[in-house]
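Structural overview
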Amino acid sequence: MATSDSPQHKGDISTCSVCFERFKNPRYLPCLHSFCHSCLESYIISACISKDSPVGFRCPLCREFVAAPGTFSSPEKWAKQLPLNESLIKYLKNENVVEDHNMCEACNRAQEDQPASFWCKTCMEFLCDMCTKYHRKNMMTQEHRLAPLNEVKSSGSAMIAENVCVKHKGEIMMFCFDHQEACCTTCVSFEHRKCQKVESIDKCLTALQEDNAIEKLMTEIDKLSLKLENIAKEEESNISQIDLQSNEILRTIEQIQQEIVEHMELLKNSHAGELSKITKERKDKLNSSLDSIMEKKLYMEHCKQVISRVKENGSDLAFVTKYYEVKRKIDEIKKTNINKISFDIQEKISPKVKEMKTISKLSELSVFQKSCSMEFGFDVTTAKMTLEAEFTVENGWIYGGSFLPSGGILLADYPNFRFIYLDCIGKNILQGKLVGPKPRDIIVQGSDILIALEGLNALQKVSVGKFSLGSTIPTGEACLGIAKFQENIYVTRPTSIIKLDKQGNILKTYPTRKWTYSVTVTDIGNIIHCHYGGNSVSAMRDDGNTLWVYKHPKLIGPVCVSVDFLDNIYVAGEQSNNVHILSPKGRLLRIIPDIPKPFCIKFKEGSLTFFVVTNGNCVKVYEFKSK
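Let me begin by describing the structure that accompanies this report. (Residues numbered from 1 in each chain as written. Predicted model: local features only at pLDDT ≥ 70, side-chain atom pairs only at ≥ 80, totals over all residues. Heavy atoms only, no water.)

A count of helices and strands for the protein chain gives 11 helices and 36 strands. Counting across all 627 residues of the protein chain, residues that qualify as buried make up 50%. On the protein chain, roughly 30,000 Å² of surface is accessible, and the fraction owed to carbon and sulfur atoms is 49%. (Helix = DSSP H or I, 4+ residues; strand = E, 2+ residues; numbered from the N terminus. Buried < 20%, exposed > 50% of the residue type's maximum accessible area, 1.4 Å probe, protein only. Areas by Shrake-Rupley, 256 points an atom, 1.4 Å probe, with all protein chains shown as cover.)

Below, the structure written as structure tokens:
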């Protein structure tokens, strides 16, 4: 922490804006604000303690996002890895000697006293007007950056040294690939003399330009940024959803209250308090998670701005240094577990509510938390499929299904006009309920389950949790498959795909070939569908223009398509007894063989867990694991 012995007339430059005392070991942030080392360390820890995998923090003064200077998992070490403001330290030391004004240090070495008027960021010395003049003329110092003393006194940022090695004060001219850091000639001679690859900044810059490395990195940043943006939108939506669920529960309680007023009032208050506490805690968790996701999004924007700014206006040194710094950070983020959480508040009304004297609670409140580890660096081409559960639906024929927020599985039993609900680990059949003629596919949209009924030409709404039937949404023709993207719904019909809003209004119709059974939508809104008779998979944009068509000799009878959270596409080949995995651009990544007549494949949202329905009634739950 700063010390309080600073004279009043020193001004803000000598005072830490966190503790309001004289600087002690000041370190500066990219926004050029300086703070005491201990103040900054305490602030960073308190700002990051409640966040999931923090990647940075906000400046205490201007609130600008600051990217983590070190390992993401160790925020307690970040302050130490921020650069010391050595110019400010030297300035404060000089203030202790000469309180009223600073003297030219060059003149002082010649036993002359001249008031300083400039500060050299490279030499870190005060200079008078005459020395400044010769400093600019001298071939060795003409490139040094000079700042007027009045600017230095009003803003400590003017004192920060540029292109200077923090350890040896020499000019940075080299880059070590082994340690991924820029260095001066002294660093190379002593600390990097055993490193395998140390190149000049000029050579590094040429190699980056020839390889189009900047463009590739920017593309990677954009893709990761879009994923984070979609996760943030889902968590924002979940905050509203649990509010709606909370309100719905309270309305149910109020209906019961009308029957038994006196005793119900006491129980209502207790119940509402518990519900309010649960809702607040979950919203706080979601808001904290959302802050963490948005900070990662801000970090992506920060990386883009750094690369773009250095590319346009920076030196070659800055260009190379920042590229590898950003590339390293992006690689670290890809290896970081990014958890997307959601909550689903449900209740179970006690059957003895009316027997008021015998009960102590109106209902049991439960929260299903879904926390997904987003392994952005996951490689599906080498991942191992691990069988988690397997079961058979007797006398059933399953065309589609979906994971529920609680972790359970819902299946569409086509010939028996019902859906089947399985427990969280997919082993026990807990419930089967009649829903309507020929159910083909299922999705979960907010607090509703939507079931595509081929025999009714409609989507049937079912409430999550209670499984009570709601209203229907007409589709005009038989609906064969169903998918969602943001708040819109996509339904496959015999010769078309329709796009509906959440009220069920048809927004757009996309003509397709006959026997298009399944549809899914990627995170960027591309519509993927398979044509059973044509043995093909197609992708199109929202405007209906085709992006690509995939065919393969080993893909016969594609009956279902699905996507994971990385937008890899999975195609179930019912006649070829396999599953094809494609990239978002339609390139074959992998073929999983020996899957007997796969009719359906669906992923648990945001995870690497999925189930496959084989031979019509055998359900297998798998998880991809990195080798």
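Moving on, there is more to tell.
Turning our attention to the pairing of strand E9 (residues 181-184). The pairing of strand E8 (residues 172-176) with E9 spans 4 bridges and is antiparallel. For Ile172, the partnering residue across the bridge sits in E9 and is Cys184. (Pairing = 2+ DSSP bridges.)

Looking at the element boundaries, Ser468 is found in the loop between strand E20 (458-463) and strand E21 (469-474). The class of Ser468 is partly exposed, set by a relative accessible area of 34%. Sequence-distant contacts of Ser468, that is, excluding residues within four places in its chain, are made with Lys433, Lys461, Val462 and Ser463. Within the local environment of Ser468, its side chain forms a polar contact with the side chain of Ser463, the two groups lying 2.9 Å apart. (Contact = heavy atoms within 4.5 Å. Polar contact = N/O pair within 3.5 Å; in protein donor to acceptor, adjacent residues only side chain to side chain.)

Attention now moves to the nonpolar core. Core analysis: the largest hydrophobic core is formed by 75 residues, its most contacted members being Leu29, Ile44 and Tyr299. Considering each element in turn, this core owes the most residues, 12 residues, to helix H9 (residues 213-257). With residues near it in sequence (within four places) discarded, Ile44 still touches Phe57, Pro75, Trp78, Ala79 and Leu82. In this structure, Val559, Ile592, Phe603 and Leu608 belong to the second largest nonpolar core, which totals 23 residues. (Core = buried A, V, L, I, M, F, W, Y, C linked by side-chain atoms within 4.5 Å.)

What follows is about the environment of Cys618. Following the sequence through the fold, Cys618 ends up in strand E36 (residues 618-625). For the pair Cys618 and Pro598, spaced 20 residues apart in sequence, the C-alpha separation works out to 9.4 Å.

Our focus in this paragraph is the sheet that holds strand E29 (residues 546-551). Taken in spatial order, the 4 strands line up as E26-E27-E28-E29 in an open sheet, and their pairing is antiparallel. Of all the strands in the sheet, the pair left with one neighbour each is strand E26 (516-521) and E29. Neighbouring strand axes in the sheet, compared pairwise and without regard to direction, differ in orientation by 20° on average. With 5 bridges connecting them, E26 and strand E27 (residues 527-531) associate as antiparallel partners. Each bridged residue has a counterpart across the sheet, and for Val519 the counterpart in E27 is His529. (Axes fitted to C-alpha atoms, helices over the stretch in contact; angles between N-to-C directions.)

Looking now at the sheet that holds strand E10 (residues 198-200). The 3 strands are arranged E9-E8-E10 in an open sheet whose pairing can be described as antiparallel. For this open sheet the edge positions go to E9 and E10, each flanked by a neighbour on one side alone. Shown here is a sheet whose adjacent strand axes are inclined to one another by a mean of 40°, direction ignored. Along the sheet, helix H8 (residues 201-210) contacts E8 and E10; its crossing angle with E10, the most-contacted strand, is approximately 90°. Docked against the sheet, helix H11 (residues 316-335) engages E8 and E9, running at close to 25° with respect to E8.

Turning to the packing of H8 against H11, a few remarks are in order. Between H8 and H11, the shortest axis-to-axis distance is 9 Å and the interhelical angle comes to 60°. Here H11 runs oblique to H8, going by the angle between their axes. In the crossing of H8 with H11, the sense of the turn from one axis to the other is left-handed. Residues Ile201, Asp202, Cys204, Leu205 and Leu208 of H8 pack against Asp316, Leu317, Phe319, Val320, Tyr323 and Tyr324 of H11. Of the residues contributing to the contact of H8 with H11, the split by class is 9 nonpolar, no polar and 2 charged. (Parallel < 35°, antiparallel > 145°, perpendicular 65-115°, else oblique. Left-handed = near helix turned anticlockwise from the far one by under 90°. Nonpolar A, V, L, I, M, F, W, Y, C, P; charged D, E, K, R; others polar.)

Attention now goes to the side chain of Asp413. Along the chain, the position of Asp413 falls in strand E15 (residues 409-413). In this structure Asp413 comes out as buried when scored by relative accessible area, which is 0%. A polar contact of 3.1 Å, which involves the side chain of Asp413, links it to the backbone nitrogen of Trp397. At a separation of 2.7 Å, a polar atom in the side chain of Asp413 contacts the side chain of Asn416. Filtering out sequence-adjacent residues up to four positions away, Asp413 remains in contact with Gly396, Trp397, Ile398, Arg418, Ile420 and Pro439.

Our next topic: the packing of aromatic side chains. One pass over the structure, following the stated rule, counts 21 aromatic pairs. Ring centres of Tyr399 and Tyr414 lie 4.7 Å apart, and the angle between their planes is 90°; this geometry places the pair in the edge-to-face category. Placement of the pair is Tyr399 in strand E14 (residues 398-403) and Tyr414 in the loop between E15 and strand E16 (418-422), with a sequence separation of 15 residues. Here a set of aromatic residues connected by ring pairs shows up, and it is made of Tyr570, Phe603, Phe610, Tyr622 and Phe624. The ring of Phe118 carries the charged tip of Arg136 above its face, separated from the ring centre by 5.0 Å. The ring of Phe177 carries Lys197 above its face, with NZ or CZ at 4.4 Å from the centroid. (Phe/Tyr/Trp six-rings, centres within 6.5 Å; stacked < 30°, edge-to-face > 60°. Lys NZ or Arg CZ within 6 Å of the ring centre and 35° of its normal.)

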